[in-house]
Amino acid sequence: MAKSSVRFKDTVAAYERLTGEVKARKFAPIYLLMGEEAYFIDSLCDLLASTILPDEAARAFSQYVVYGRDVEAGQVVNLCRQMPMTGSHQVVIVKEAQQLQKIEKLSYYTESPTPTTILVVCHKGKSVDKRSAFYKGVVKCGAVLESVRPYDSEIAGWLAGFVASKGCRIEQKALTMLTDHLGADISKISNELQKLLLSLPEGTREIRDVHIEQHIGISKDFNNFELCKAVITRDMERALRIADHFARNPKDNPALLTIMALFGQFRSLFLINYLRWQAKYKAISFPPDAELMRIVKVNNFYALSELKQCATLWPNKKVFSILGLLREYDAKSKGLGAGQISDGELRRELLLKIFLL
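Residues numbered from 1 in each chain as written. Predicted model: local features only at pLDDT ≥ 70, side-chain atom pairs only at ≥ 80, totals over all residues. Heavy atoms only, no water.

Peer 1: Could you give an account of the layout of surface pockets, naming the residues involved and the relevant values?
Peer 2: Rolled over the atoms, a probe sized like a water molecule indicates the empty space that remains. Taken as a whole, the largest pocket holds about 1400 Å³ of empty space. Asp152, Ser153, Glu154, Ala156 and Lys297 are, among the 41 residues lining the largest pocket, the residues nearest its centre. Elements with a contribution of two residues or more to the lining of the largest pocket: α1 (8-23), α7 (152-165), α8 (172-182), α11 (224-232), α13 (255-281), α14 (289-296) and α15 (301-311). A per-element tally of the lining of the largest pocket places α13 first, with eight residues. Grouping the constituent residues of the lining of the largest pocket by class yields 20 nonpolar, eleven polar and ten charged. (1 Å grid on protein atoms, 1.4 Å probe; cavity = no way out; pocket = protein on both sides within 12 Å on 5 of 7 lines; lining within 4 Å. Points joined across faces, edges and corners; volume = space filled by probe spheres on them. Helix = DSSP H or I, 4+ residues; strand = E, 2+ residues; numbered from the N terminus. Nonpolar A, V, L, I, M, F, W, Y, C, P; charged D, E, K, R; others polar.)

Peer 1: Talk me through the state of the cysteines; I want residue IDs and the actual numbers.
Peer 2: Think of a disulfide as a covalent bridge from one cysteine sulfur atom to another cysteine sulfur atom. Inspection of every chain in the model, using the stated rule, returns zero disulfides. Looking at Cys228, it has no disulfide partner, and the nearest cysteine sulfur is the one in Cys310, 11 Å off. (Disulfide = S-S within 2.5 Å.)

Peer 1: Let's hear about the side chain of Ser219: which residues, and what values?
Peer 2: Its location among the elements puts Ser219 in the loop between α10 (209-216) and α11. Here Phe222 takes part through its backbone nitrogen, which lies 3.0 Å from a polar atom of the side chain of Ser219. (Polar contact = N/O pair within 3.5 Å; in protein donor to acceptor, adjacent residues only side chain to side chain.)

Peer 1: So what's going on with the sheet that holds strand β3 (residues 90-95)? Residues and values would help.
Peer 2: Taken in spatial order, the five strands line up as β2-β3-β4-β1-β5 in an open sheet, and their pairing is parallel. Lying at the two open borders of the sheet, with one neighbouring strand each, are β2 (63-67) and β5 (143-147). Across the sheet, the mean angle from the axis of one strand to that of its neighbour is 10 degrees, orientation sign disregarded. The pairing of β3 with strand β4 (residues 117-124) spans five bridges and is classified as parallel. When the sheet's bridge partners are listed, Val94 is paired in β4 with Val121. Across the sheet, helix α2 (residues 38-51) touches β1 (30-35), β2, β3, β4 and β5, and the angle it forms with β4 is around 160 degrees. (Pairing = 2+ DSSP bridges. Axes fitted to C-alpha atoms, helices over the stretch in contact; angles between N-to-C directions. Contact = heavy atoms within 4.5 Å.)

Peer 1: Account for α1, naming residues and giving values.
Peer 2: Here α1 spans 22 Å end to end across 16 residues, near enough to the 22 Å set by a 1.5 Å rise per residue. By the burial criterion, the buried members of α1 are Phe8, Thr11, Val12, Ala14, Tyr15, Leu18, Thr19 and Val22. Seen from one end, α1 has its buried residues packed into an arc of 165 degrees, which puts them on one side. In α1, those exposed residues whose orientation departs by more than 90 degrees from the buried face are Lys9 and Glu16. Each element contacted by the buried residues of α1 is listed here: β1, α2, β5, α7 and α9 (186-199). Positive phi shows up at Arg25, right after α1, with a value of about 60 degrees. (Expected span 1.5 Å × (residues − 1). Buried < 20%, exposed > 50% of the residue type's maximum accessible area, 1.4 Å probe, protein only. Arc of directions from axis to C-beta.)

Peer 1: For a nonpolar patch on the surface, give the residues involved together with the corresponding values.
Peer 2: A surface patch of nonpolar side chains, amounting to about 350 Å² of accessible area, comprises Tyr274, Trp277 and Tyr281. Assignment of secondary structure puts Trp277 in helix α13. (Patch = residues over 30% accessible without salt bridge, like charges linked within 9 Å, V, L, I, M, F, W, Y side chains within 5 Å. Areas by Shrake-Rupley, 256 points an atom, 1.4 Å probe, with all protein chains shown as cover. Salt bridge = Lys/Arg side-chain N within 4 Å of Asp/Glu carboxyl O.)

Peer 1: Describe the nonpolar core, naming the residues involved and giving the relevant values.
Peer 2: Tyr31, Trp158 and Ile207 are the most contacted members of the largest nonpolar core, which totals 49 residues. By residue number, the principal contributor to this core is α2, which donates eight residues. Excluding residues within four positions of it along the chain, Trp158 makes contact with Phe8, Val12, Tyr39, Phe40, Ile186, Ile189 and Ser190. If you look at the next biggest cluster of nonpolar residues, it comprises 38 residues, including Leu227, Phe246, Leu269 and Ile272. (Core = buried A, V, L, I, M, F, W, Y, C linked by side-chain atoms within 4.5 Å.)

This is how it looks when you write it as structure tokens:
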């Protein structure tokens, strides 16, 4: 099957559009929620389940939840064809539909959906074959959400938007602490944020590093954000002190996350230096800050200002060598050619090589 052309931003846009329609009670007869990223599938399914039949008593009689491993496609079709026991509509939700054998037989239903039934199919882990009659039938008469996983560089922007949707904002350091610690697991990030938002003092409208430390347990002084800052400002003493703290807490601070964070920082420095070189020697205008933020993938002017200032400390000849080092240590952190060296020793060795270049 060809690789999907859908990007994470497309998933977010489709999710927001469908969420708005559901809240406005504009329902499609069939929903196919599919893909690798479970968060959007689960979230939209939960919203549909609680919104289509808002009365709990109606849901008890006219909402059916079945699992792909327990039913056959024909049984799902028969369930969709029956009339609602109460009210004007019934809801049929198929969870774990990736385990439903011969799912393509649902095309018998998509050819002529029952007006009084809303079918929700949750297909996780991968997408339905887009060449199938089932998929084409849903596209023709229903709604499809293809949920793809984000790249690491896309998490921060989504997270900031998620916080804004809750009537709050998050400072850059707190944002980086979260993304470095929780990675690209959107479900985990959203769960932690939901708990954090409930724990904030009344009237608080900004999530800060101290809140992350108090409620999620990530140190505001010893984290990859602070380590990267110490490195690019050439503060070797502080960088090694943070690395020593990480070495004492290896479970919470894998070397791979540090390497990924450093790679992102030095990639940004490389781009800024290259754009400055173009401006000086090729008469190509250096981009304005708003455009530069998009190029280096940061989402606030303070972080951009710091990168622009620090870029002068790291000429691209050194940056290029450091990026090569980071690729080498990325492999070592995954057990390739590292022998029995610990994460702490690996990280300290890498930092010393960076500073001594």
